[in-house]
Structure formats: C-alpha cells, structure tokens
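# Summary of structural features
Here are the chains, one letter per residue:
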Amino acid sequence: NMSMVRQLLFIWDWNSMPEYNCSRIRPIGVEWTKSMGEKQPIFGIWSMTWGIFCEILYVPCVIALYMERRQACYRIMLWLAIVDVIAILCNSIGFGFLLIEGAVFCSRPWMVWMIGCVGLGMWCGACIGCLLLVTYRLFELMNMSKRFENSTGFLIVIATCYSLYFAFLTPPILTNSKYKAMFYDPFIGDVPTKVYVNWPHTANNLFVVLTSATLYLLLCVVLMTKQGAMSSEVGRARLSTNGPIFLQASLICFFNVAASLEYIYMNFFPTPQILIELGHLSWQVSHAVPPFIYLTLNKTIKRNCK
C-alpha cells in the first residue's frame, strides 16, 4: 500500500520526500507563511474560542458518562467523548492557532502534520463510534441489546485500532490558512493533487454516509413498527422514552454525514470558499455538539452533572 509507505516515511523523514519537500524557499517557516499563507484572525479566534469552550463543557459530561460506564451504550458514548476531546484539540484549537498565524504546511511541517493526522484519526474513529451507537440503539429497540453488550469492549478496541490506522498509516490532511480548511494537498509545487489523496479516508466518508442512511432508515422503521404494535397509551410512553434518545443520535450523526460529504467534495472539485468554510465548520460542530445534546436531552447525564 503506497499511501501507508508514504505516511511511514513521512514520520521519519518527511523532507526527503519530493512531494513534501519545502526546501525550495528558505528560511522555511517565515517565507512560506508570507508567500503562501494568509492570516485569518476572525476564523482563527472563533475556532480557538469555540474549541476551548466545548472542551470545558465536555468535562462534566465525561465524568457523568464514566459514572454510567456499566451500560454498553454509555461505554460507547464515553469512548466517543474521549475521541471528540482529542479531535477538538486538533480541528478547533490547534487549527485556530495556525489560522491566526497564517500558517501553511511548510510554515510548521511537524505541527501541521501532527494536527492533521491525529485530527483525521479521531474523525474516522468518531464515524465508527457513531455507527456503533446507532447499531446499539437498533439492537435495543429489537430487544437484542444483550447480544451487543457482550461484545462492546471488543468493538471499542476495533474502533481504536481503526482510528490509529488512519492517524498514522494513511496520508494526513494539512491546514492551509489561505483556504481556511485542511486538505490532502500541501500546496507546495506542481505535484498533481491525486498523489496526495487519502483513498482510505475517502472510502470511510462514503461508507459513513451510506451506512448511516441505511441504519437510520431501519431505526425509523423499527421504532414506528414497535409503537404501532402497542396500545396507544403504551406507544406514546415508549415514544416519549425513545424520542429524545433517537434525536440525540440523529443530531450527532447528521453533522458527521454533512462533514463527510463536504470534505470529500472540496478535496476533489473546485469549491466556493463559503462551502469550504462550512465544510470545516461542520467538522468542528460534529465533534463539539454532543455535550450540548447530552446536557439538554439526556436525563441521566443531566442528573449526574448536577
């Protein structure tokens, strides 16, 4: 796998790789920032402020989730929360710092690479975690949750390995202050963009979109079928219990799907700047929206936080 070989080489000796070689302009950092970067204080300050606020908001939620870790569903949510906290450090706080500075890949190669590869890994982990959460809800509605609970620990280990694979064994996505987002292409020469494409990441995003749509369709069918099979009073009670749960999972996965589609599109096709910014905002929100949802819709987490 050439993408894997390229990433491993990048870790040890990125400057020896022609497609990532920044030596044509020296000194590397200052001149690349002046010639190719563009300071973006508004988006940068927003990203850092938003990220710090969400990290603070996540603290009581993580503690509340940890208190409920005996339940499989909350173990998945706790794992997702940890992934989100790391992702926000990359796609909001670290990204915001680079935008304020006007950085591009060759301004701070190691920092840009680290933020990009860890952020990418956490994104792909969150995608799988979201699907695990929806699958669990589906099993729960079909009264088969015990089958899922027995393998939750193993599934979380698989999801962790999946995240690490994308973080360290596939090409990174790299911050570009001029376009206010992250791209496969470091924009340092005449190398064709296809050389930098992270095909496993593209496959992950397409997989998430298709699988999320399928699972939610199944979830709606099961929820409505079960409600219809009950008496009206029992059905209303069941819907009032499951409604907020369904809404929580739906909102989290909605932002994942939006970010998936937008990031695929802007890395392959000419895209208006406003859509590029919306794509990155969707990514930021997809990791940061869970604490807002938990603190407004999840009674157990609200009670534990109090």
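This structure is a prediction, so every number in the text was calculated from the model and none was measured. (Residues numbered from 1 in each chain as written. Predicted model: local features only at pLDDT ≥ 70, side-chain atom pairs only at ≥ 80, totals over all residues. Heavy atoms only, no water.)

### What about the overall build of the chain?
Within the chain one finds 11 helices and 2 strands. Going from the N terminus to the C terminus, the chain shows its helices and strands as α-α-α-α-α-α-α-β-β-α-α-α-α. Restricting to contacts in the chain with at least 6 residues of sequence separation, those with at least 24 account for 80%. A total accessible area of about 14200 Å² is found for the chain, and carbon and sulfur atoms account for 71% of it. (Helix = DSSP H or I, 4+ residues; strand = E, 2+ residues; numbered from the N terminus. Contact = heavy atoms within 4.5 Å. Areas by Shrake-Rupley, 256 points an atom, 1.4 Å probe, with all protein chains shown as cover.)

### Observations concerning the side chain of Lys180
Within the secondary structure, Lys180 sits in the loop between β1 (174-176) and β2 (181-183). On the basis of relative accessible area, Lys180 is assigned to the buried category, the value being 16%. Among the polar contacts made by the side chain of Lys180, one reaches the side chain of Glu277 at a distance of 2.9 Å. (Buried < 20%, exposed > 50% of the residue type's maximum accessible area, 1.4 Å probe, protein only. Polar contact = N/O pair within 3.5 Å; in protein donor to acceptor, adjacent residues only side chain to side chain.)

### Considering the UniProt feature "transmembrane region" (unreviewed entry) in the chain
UniProt records the feature "transmembrane region" (unreviewed entry) at residues 42-66, 78-100, 112-134, 154-174, 206-224, 245-266 and 278-297, using the numbering of this structure. This span, residues 206-224, is 100% helix and 0% strand, and a straight line between its end C-alpha atoms measures 27 Å. (UniProt positions renumbered as here; feature names shortened; annotations may be inferred.)

### Side note on the nonpolar core
Counting 70 residues, the largest nonpolar core has Leu65, Met77, Phe105, Met182, Trp283 and Ile301 as its most contacted members. If you list the elements that add at least two residues to this core, you get α3 (41-67), α4 (72-101), α5 (109-141), α7 (152-169), β2, α9 (232-268) and α10 (273-297). Top element by residues in this core is α4. It accounts for 16 residues. Membership of the second largest hydrophobic core comes to 9 residues, among which are Leu131, Leu215, Leu219 and Leu223. (Core = buried A, V, L, I, M, F, W, Y, C linked by side-chain atoms within 4.5 Å.)

### Here we look at a nonpolar patch on the surface
Taken together, the side chains of Trp110, Met114, Leu164 and Phe168 define a hydrophobic patch exposed on the protein surface, amounting to about 360 Å² of accessible area. Of all the secondary-structure elements, those providing two or more residues to the nonpolar patch are α5 and α7. Its place among the elements puts Phe168 in helix α7. In this structure Phe168 comes out as partly exposed when scored by relative accessible area, which is 31%. (Patch = residues over 30% accessible without salt bridge, like charges linked within 9 Å, V, L, I, M, F, W, Y side chains within 5 Å. Salt bridge = Lys/Arg side-chain N within 4 Å of Asp/Glu carboxyl O.)

### With respect to the packing of α3 against α4
Relative to each other, α3 and α4 sit at 160°, their axes nearing to 8 Å. By the angle between their directions, the pair α3 and α4 is classed as roughly antiparallel. At the point where α3 passes α4, the crossing takes the left-handed sense. (Axes fitted to C-alpha atoms, helices over the stretch in contact; angles between N-to-C directions. Parallel < 35°, antiparallel > 145°, perpendicular 65-115°, else oblique. Left-handed = near helix turned anticlockwise from the far one by under 90°.)

### Notes on the packing of aromatic side chains
If you walk through the whole model with that rule in mind, you get 14 aromatic pairs. Both rings, one in Phe53 and one in Phe292, keep their centres 6.0 Å apart while their planes meet at 40°; by these two values the pair is tilted. Placement of Phe53 in helix α3 and of Phe292 in helix α10 is noted, with a sequence separation of 239 residues between them. Geometrically, the ring pair formed by Tyr165 and Phe166 is edge-to-face, given 5.2 Å between the ring centres and 80° between the ring planes. (Phe/Tyr/Trp six-rings, centres within 6.5 Å; stacked < 30°, edge-to-face > 60°.)

### Considering the layout of surface pockets
In this approach a probe as big as a water molecule rolls over the atoms, and the regions it shows empty are the leftover space. Estimated volume of the second largest pocket: approximately 170 Å³. With 3 residues, the top contributor of residues to the lining of the second largest pocket is α9. Residue composition of the lining of the second largest pocket, grouped by class: 8 nonpolar, 2 polar and 1 charged. (1 Å grid on protein atoms, 1.4 Å probe; cavity = no way out; pocket = protein on both sides within 12 Å on 5 of 7 lines; lining within 4 Å. Points joined across faces, edges and corners; volume = space filled by probe spheres on them. Nonpolar A, V, L, I, M, F, W, Y, C, P; charged D, E, K, R; others polar.)

### Considerations on α3
An α-helical turn contains 3.6 residues, so a residue and the one three or four places further along point in the same direction. Here α3 is 27 residues long and its end C-alpha atoms lie 39 Å apart, about the 39 Å a rise of 1.5 Å per residue gives. Taken as a whole, α3 carries its principal kink of about 30° at Tyr58; the proline Pro60 stands between one and four residues after it. Listing the buried residues of α3 in full gives Phe43, Gly44, Ser47, Trp50, Gly51, Cys54, Glu55, Leu57, Tyr58, Cys61, Ala64 and Leu65. If you follow the buried residues of α3, they end up packed against α4, α10 and α11 (299-305). (Expected span 1.5 Å × (residues − 1). Bend = angle between axes of the 7 residues up to and from the residue.)

### A short note on the pattern of salt bridges
Evaluation of the coordinates by the stated rule reveals 2 salt bridges. For Arg108, the salt bridge identified is with Glu101, shortest N-O distance 2.7 Å. According to the relative accessible area criterion, Glu101 is partly exposed, its value standing at 24%. Across the pair Glu277 and Lys180 runs a salt bridge, and its minimum N-O distance is 2.9 Å.

### Side note on α4
Helix length check: α4 (30 residues) gives 43 Å between terminal C-alpha atoms against 44 Å at 1.5 Å per residue, within 8%. Buried residues dominate α4, accounting for 22 of its 30 residues. A positive backbone phi angle near 80° is found at Gly102, which sits one or two residues after α4.

### So, the side chain of Ser177
Mapped onto the fold, Ser177 is located in the loop between β1 and β2. From its side chain, Ser177 meets the backbone oxygen of Ala103 in a polar contact 2.9 Å long. Leave out the neighbours within four places in its chain, and Ser177 touches Gly37, Glu38, Gln40, Leu98, Leu99, Gly102, Ala103 and Val104.

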